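A closer look at the structure
Here is what each chain is made of, one letter per residue.
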Amino acid sequence: QVQLVESGGGLVQPGGSLRLSCAASGSIFSRYAMNWYHQTPGKQRDWVATITSGGTIGYADSVKGRFTISRDEAKNTVYLQMTSLRPEDTGVYYCNAREALIGYWGQGTQVTVSS
């Protein structure tokens, strides 16, 4: 069983920055792709970014050039650095660990972009 705990959300003005963290319960990065998802009320959870076990990185078009995913294997933590934030980035951000058909989710962290 993998446990994921997100942190770092909060209220930020448009154009501002936040760094989200996802702490994993153990050394899982060699097996699991780590993903960030974004969800707003009444809508599906949308994929934001991925870093695979091999280190390949991908981003949704909506965040390319603004968000950066990274990981610290010594700390078993994945990060999502968010810059140039927009009101439409508001929502709950979830961390996900996935290997084939097996996936684990964190509890989410709220990000609100508003003036």
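Quick summary incoming for the structure in this document. (Residues numbered from 1 in each chain as written. Predicted model: local features only at pLDDT ≥ 70, side-chain atom pairs only at ≥ 80, totals over all residues. Heavy atoms only, no water.)

Moving on to the nonpolar core. In this structure, Leu-4, Ile-28, Met-34, Trp-36, Leu-80, Met-82 and Tyr-93 are the most contacted members of the largest nonpolar core, which totals 29 residues. Of all the secondary structure elements, the ones that give two or more residues to this core are strand 3 (18-24), strand 4 (33-39), strand 5 (46-51), strand 7 (67-72), strand 8 (77-82), strand 9 (91-99) and strand 11 (109-113). Take this core: its biggest share by element is 4 residues, from strand 3. Ignoring anything within four residues of it in the chain, the contact list for Leu-4 reads Cys-22, Ala-23, Ala-24, Ile-28, Met-34, Cys-95, Asn-96, Ala-97, Tyr-104, Trp-105, Gly-106 and Gln-107. (Core = buried A, V, L, I, M, F, W, Y, C linked by side-chain atoms within 4.5 Å. Buried < 20%, exposed > 50% of the residue type's maximum accessible area, 1.4 Å probe, protein only. Helix = DSSP H or I, 4+ residues; strand = E, 2+ residues; numbered from the N terminus. Contact = heavy atoms within 4.5 Å.)

This brings us to the packing of aromatic side chains. Two measures describe an aromatic ring pair: the distance that separates the ring centres and the angle between the ring planes. Here the structure, examined in full by the defined rule, presents 3 aromatic pairs. Ring geometry for Tyr-32 and Tyr-104: centres 6.1 Å apart, planes at 65°, overall edge-to-face. Within this pair, whereas Tyr-32 is found in the loop between strand 3 and strand 4, its partner Tyr-104 is found in strand 10 (residues 102-105), the two being separated by 72 residues in sequence. Since its relative accessible area comes to 6%, Tyr-32 is described here as buried. Cluster of aromatic residues (ring-pair linked, three or more members): Tyr-37, Tyr-94 and Trp-105. Residue placement shows Arg-45 over the ring face of Tyr-94; its charged tip is 3.6 Å from the ring centre. The lysine or arginine in question, Arg-45, covers the ring of Trp-105, its NZ or CZ lying 4.6 Å from the ring centre. (Phe/Tyr/Trp six-rings, centres within 6.5 Å; stacked < 30°, edge-to-face > 60°. Lys NZ or Arg CZ within 6 Å of the ring centre and 35° of its normal.)

What follows deals with the state of the cysteines. Throughout the structure, instances matching the rule amount to 1 disulfide. Through a disulfide, Cys-22 is tied to Cys-95; the S-S separation comes to 2.1 Å. Taking the torsion about the S-S bond as the criterion, the Cys-22 to Cys-95 disulfide, at about -75°, is left-handed. Taken together, the residues Cys-22 in strand 3 and Cys-95 in strand 9 connect sequence positions 73 residues apart. For Cys-22, a relative accessible area of 0% gives the class buried. (Disulfide = S-S within 2.5 Å.)

Its place among the elements puts Asn-35 in strand 4. Within the structure, the side chain of Asn-35 is placed 3.5 Å from the backbone oxygen of Ala-33, a separation counted as a polar contact. Within polar-contact distance, the side chain of Asn-35 engages the side chain of Asn-96 at 2.7 Å. Beyond its immediate stretch of four places on either side in the chain, Asn-35 contacts Trp-47, Ala-49, Thr-50, Tyr-94, Cys-95, Asn-96 and Arg-98. (Polar contact = N/O pair within 3.5 Å; in protein donor to acceptor, adjacent residues only side chain to side chain.)

With 5 of 6 residues buried, strand 8 is to be regarded as a mostly interior element. By the bridge criterion, 6 bridges tie strand 3 to strand 8 in an arrangement that is antiparallel. When the sheet's bridge partners are listed, Leu-20 is paired in strand 8 with Leu-80. Here strand 7 runs beside strand 8; their pairing, made up of 6 bridges, is antiparallel. Bridge pairing in strand 8 links Asp-72 to Thr-77. (Pairing = 2+ DSSP bridges.)

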